[in-house]
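# Reading the structure
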Amino acid sequence: MKRYGPYRDIGFREVDYYNAKKVVIDQDLSQMDAASKAEIDQTITYLETNSYWPFKRGGLGLNQDNSSIHVPTNIYDKSRRILNGVNWTTNLTQQFIQNRKVDPTLTWQYFCSSDGFLRVYPGMQWPRDADKVDTFDCRIRKWYIQAATSPKNILILLDSSGSMKGLRFAIARSTVSKILETLSDEDYFNVLQFSDEPNYVDECFNDTLMPASVDNVKRIQSKIDALDAQNFANFEKALTKAFELFRKEQNEYSSHYLCNKAIMLITDGAPENFDHIFDKFNWPNKTIRVFTFLIGKEVPENRQTKWMACVNKGKFTHISTRADVQENVQKYIQVLSRPLAINKAGHKVWSPVYLDYVTEQGEILVNAGKPPDLGPHFEDSYTYQGLGLILTISMPVYDRRDTVGPKEEMPKRNLLGVVGTDVRINELMKLIPTFELGVNGYAFAITNHGNIVFHPDYRPFYPEGAYRAKQQLKVRPKYNSVELSEVELPVPSEDGTTKAHPLRHYFVRLRSGGHNMTTIPVLTHCDGMKRAAERQQEYHFQDIENAFRLVFVSPKNHGNFKPSVPNVSNFKTLLDMEKDMNIETMGLDNFFISNWIFCEGERKNTFVKLSTHLRKLVESGKIQNKCNRYHMERLAVDFNVTAQYVMAWLGEGKTGSYRNLYAECLTDKPLKGVPDAKTTNLSSRYHKRECFKYTHERYGIGKIWIGTASGLTRTFGAGPFVPHWEDKNIETIKSLYYKRAVDGMEKKYYYVYTGTIPSARKSAENLTITMSTTLTLGSQASGAPMAVAAFNMRYSAFNDHLARYTFKCREAECHLTCNDTQHVLCYIVDDNGYILANNNPDYNGTGSFLGSQNPRLMTQLIRDKIYKGLKLTDYQGICYIRAGNSQESSSSFIQNPLRILSRFFFWIFSEIAMLLSEWNILSHFTFGRVWGSLEARVEEECGDWIDDSEAKYIYCNFVVNSTTGKKVFVQKVLDFSSCIQSLMRYTLNKNALISQEKRRFLPDCAKQCSEEGRSYEARWLNKTNLVFIVWDATCDCSVFEDSSEEPEHEDSSSTNSKDGVSQTATTTTTPSDSGTTHDDATQCQILLNFANELKNVDSTRTPNNRTLCLDATNELLKDETTCGQSAAFKSDQYSLILVLLLLVLRTLRDPH
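Each chain carries its own residue numbering, running from 1 in the written order of its sequence. pLDDT decides what is reported in this predicted model: residues at 70 or higher carry local features, side-chain atom pairs at 80 or more are listed and counted, and totals for whole chains, interfaces and linings draw on all residues regardless. Side-chain descriptors were evaluated using all non-hydrogen atoms of the structure, hydrogens and water having been removed beforehand.

### Describing the sheet that holds strand β23 (residues 522-526)
For two strands to pair, DSSP has to find at least two bridges joining them. Only DSSP runs of H or I with at least four residues qualify as helices, and only runs of E with at least two residues qualify as strands; both kinds are numbered from the N terminus onward. In space, the three strands of this open sheet follow the order β21-β23-β24, with antiparallel pairing throughout. Single-partner strands in this sheet number two, and they are β21 (489-490) and β24 (531-535). Here β23 runs beside β24; their pairing, made up of five bridges, is antiparallel. Along β24, the bridge assignment pairs Val-522 with Arg-535.

### Section: the sheet that holds strand β31 (residues 768-777)
Judged by pairing direction, the sheet is antiparallel, and its six strands sit side by side in the order β27-β29-β28-β32-β31-β30 without closing on themselves. For this open sheet the edge positions go to β27 (590-593) and β30 (752-755), each flanked by a neighbour on one side alone. On average, each strand axis in the sheet is tilted by 20° relative to the strand beside it, whichever way the strands run. Judged from the six bridges that link them, strand β28 (residues 701-708) and strand β32 (residues 784-794) form a sheet pairing that is antiparallel. Bridged to Ile-706 within β32 is Ala-789. Whether two residues are in contact is decided by their heavy atoms: any pair within 4.5 Å suffices. The angle between two axes is taken between their N-to-C directions and runs from 0 to 180 degrees, where each axis is a line fitted to C-alpha atoms and a helix contributes only its stretch in contact. Strand contacts of helix α26 (residues 736-746): β28, β30, β31 and β32, with the helix running at about 120° to β32, the strand carrying the most contacts.

### Details of the packing of aromatic side chains
Aromatic contacts are taken between Phe, Tyr and Trp rings whose centres are within 6.5 Å, Trp giving its six-membered ring; a plane angle under 30 degrees counts as stacked, one over 60 as edge-to-face, and the others as tilted. Applying the stated criterion to the full structure yields 25 aromatic pairs. With centroids separated by 5.7 Å and ring planes inclined at 50°, the aromatic side chains of Tyr-753 and Phe-798 adopt a geometry described as tilted. Pair noted here: Tyr-753 is in strand β30 and Phe-798 is in helix α27 (residues 795-806), with a separation of 45 residues, a long-range link. Between buried and exposed lies partly exposed: a residue is buried under 20% and exposed over 50% of the maximum accessible area for its type, with that area taken using a 1.4 Å probe on protein chains only. Given a relative accessible area of 16%, Tyr-753 falls into the buried group. Taking the relative accessible area as the measure of exposure, Phe-798 reaches 9% and is therefore buried. Taken together through their ring pairs, the aromatic side chains of Phe-243, Phe-278, Phe-281, Trp-283 and Trp-307 make up a single cluster. Look at NZ for Lys and CZ for Arg. If either is within 6 Å of the ring centre and within 35 degrees of the ring normal, a charge sits over the ring. The lysine or arginine in question, Arg-714, covers the ring of Phe-639, its NZ or CZ lying 4.7 Å from the ring centre.

Next up, the structure:
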């Protein structure tokens, strides 16, 4: 049989290469003794890995001088076809090295051969897992299939007749599933099952082709798993219905949308050829290929099914076992690649975003307390081995020789493979000009079909495992198929339904342009979706490489001002910043710069590093071309201006009340606990700093800081209250305190207070409140925000301030204060309804949502329009499926066997204890006092006798709060699923509040408890985002509307059970928060509308626009000899048998 590509009869000793699965690296050698090293020296090659990715500390070891080869497990790595391929691709290594020299930002470079091997540079050891079989095959990766073929339109016919029962149908279902996994976002598909009548597997997708999105594919796969085989097979009806669907789609849309049409027939045999069907619908042009998959080990090769494939430009494959499915399914890709190979179409293809294989096989860890957000620099704090989230750009490789050897096929007909490289999402995000976009401005990118590449609200990870120093991050089930309308949230209609996003229509149809959403507001959120607001956005976008849309977003009327700054001659100010900082502030304040790219290819977060880099650019004369001059000048100006704030924090030039407040710090007398200041100027400044910090701490104030729009931050004070403060606030304009201050300024909240939300592990007294105010250029009401000054303080200190002013009467006629907790409840609540202070001496409820603490009060505030409800929909939600309280699932033993066994032993001990007590000899033993009874230990005292916290979690399902010492019970997570969460959030209507402030008296209880009753008085605290509320606690009204903020979860799946395991979602459903639940019919209509929109877009496919479309009509070959299952493996099998015989003979000669 002839082979394609350069081929010769080559011996397995003639070619040597680094087998990525068999190489030994330094880490392996360090764990071996001399004898072990000598034993493996003959079979495994040592690969030196002394290099790492420059953007990560540590990680995967690399070899920059060599490439390594990965061969799939089901292919013999010394077969002639593999050795030939490895041999003629050897020179690729030098090309990869040269590419890296030209562009140092390149990551993985690789070539995937159509024979199955992968050559990857830099050289590496393949990820290993002793508990898993390596199933990686580069030929079934999305980037390979997209480059190897034009967009595909696949209709699968699944024989579900009675003859397919049992193992055959299981293999058939697996075959369908594997075919679906080879589809990409550019493809369309559907699945018909047929016995006596053909029916679509999913009624939602009747009579149409659907985009092969992740959601649609998973939906069909779940339907296939529920199918059963019965009755007889009517092939004629099934084939007719398949061809009629293609004809219908052809009439409704253009031929460019229907690219690479194929019918895939999966059966255990056909009774006849059905040539009259093909003659009617497909001949003579044969525009629709037919692939046939014969299922069953005992089934002989069926002449009819093979004939169907051969006469319709397809391929026949016999799948005997489940192990054969993957290898045989991917063969259809080689056939669909022929039109591209014949026309030598060198198209470049970009993949959707996905997690690279090395990262996918390992763990992603982040320090507890750090946000699991996908920021541009998340690799600085995350620990993982690979590249993280990536895009792949790939293109096909063809044999362009004019002459070939006697054992080689003509080069024009086959694809040699696909070459590609990966681009890290983080590197793209770092190029976004954050400084130019300003506060609340951002950028994102979407694919041609509207899926997100990156976005500020794109959340591909979620933390798994709490109460640990390191949290493991998992990828969300649909992380690579998040749509535009799921992150850019339109405001719901009056009836609660969510509108379709008006931008998606523009983005998927147009290549460039802008759209100003002046009439349709969108919902924005922050603080982990705890706060929401309506905002009108302006969008401008541009097509990138016919693959993505890059979109820049800014709030309406933002960006109208550009502050002028003086020219910084020769950047002297910047170069001397380090010296100036030490002279002016004596190094007594902390100094940070945002991790933005100030100069091309560099990012620095300290002035020491930045100034060093700038000096090199000045000396080389490249500073004008490499750096953003305006940004650098703004940075220099901000440096000088903020230095004055530091001096003010040290008491320079202050008089009046300020001097009275810090009188002790401005005297020359030594203070208790503060060093004597009667020495040098430096010690005097140090003395003042320590004294000021001491004074701040007495008032509960920790850190004070100022952040500028240019990315500069100066801090003063100890600030032990907020862990990971720098990680959360170094980005200035992207930080919560900065955004809240600027948003507040627009609403005339000049002093914005933001509290942290308490968790199970932290009590309210250890949480903090941040006060921030905007510093503007021009008037405070309408000027351009230049910086934000802020400080944080403890909740307990803020509560003490409330008590100081409200617990004592200041007037003679005062008869009631907030100290009378039996009569009144006093709250200070922020603009989103969170309690910042109350008159509860135990701080109970502080930091919580008012609706969860006093639902009747919150209901009245909403009814009086003082707070407006906003319904957020979280399309990226995760629902944890936990063991129920009343019973445990059948999988609980697998999830937690120790607890099951422990309960069994407890039961045994209890039974023995009861037996011995009846015989009056229990006192002779002590185990009764040690173990106690099962009921007491398991339900009430479980864990009291265990010191280790992990053991308590295993045996008793709880951990202990380190602050309060209270038990926090944690139900075991059995599984998780993607779900839609409806979240009610609230925002203050200041005008409605002010209009009602004229009311001075509360009505009696009868009126308070009526439907229109009011039991509160509320006042706006001038120039802040705070509301002071007094609630009459003497009236007991048992009937009220619940306004809890707990989310209602809309499960995106259609079933609540898996493999018979009881599943209980531990989420609270609140009737008032229900909104609208998307039933299956509504969700189906949404999917169909989106599919029709994409079909109209993809109908514009041409060679010069979007995706190249070449199909069977571009294939003029008449040779159909390769349509059947080839004997490509025969020589490989003979080689393998020969090696096995040699090993057996060696063993017989030397049995020891």
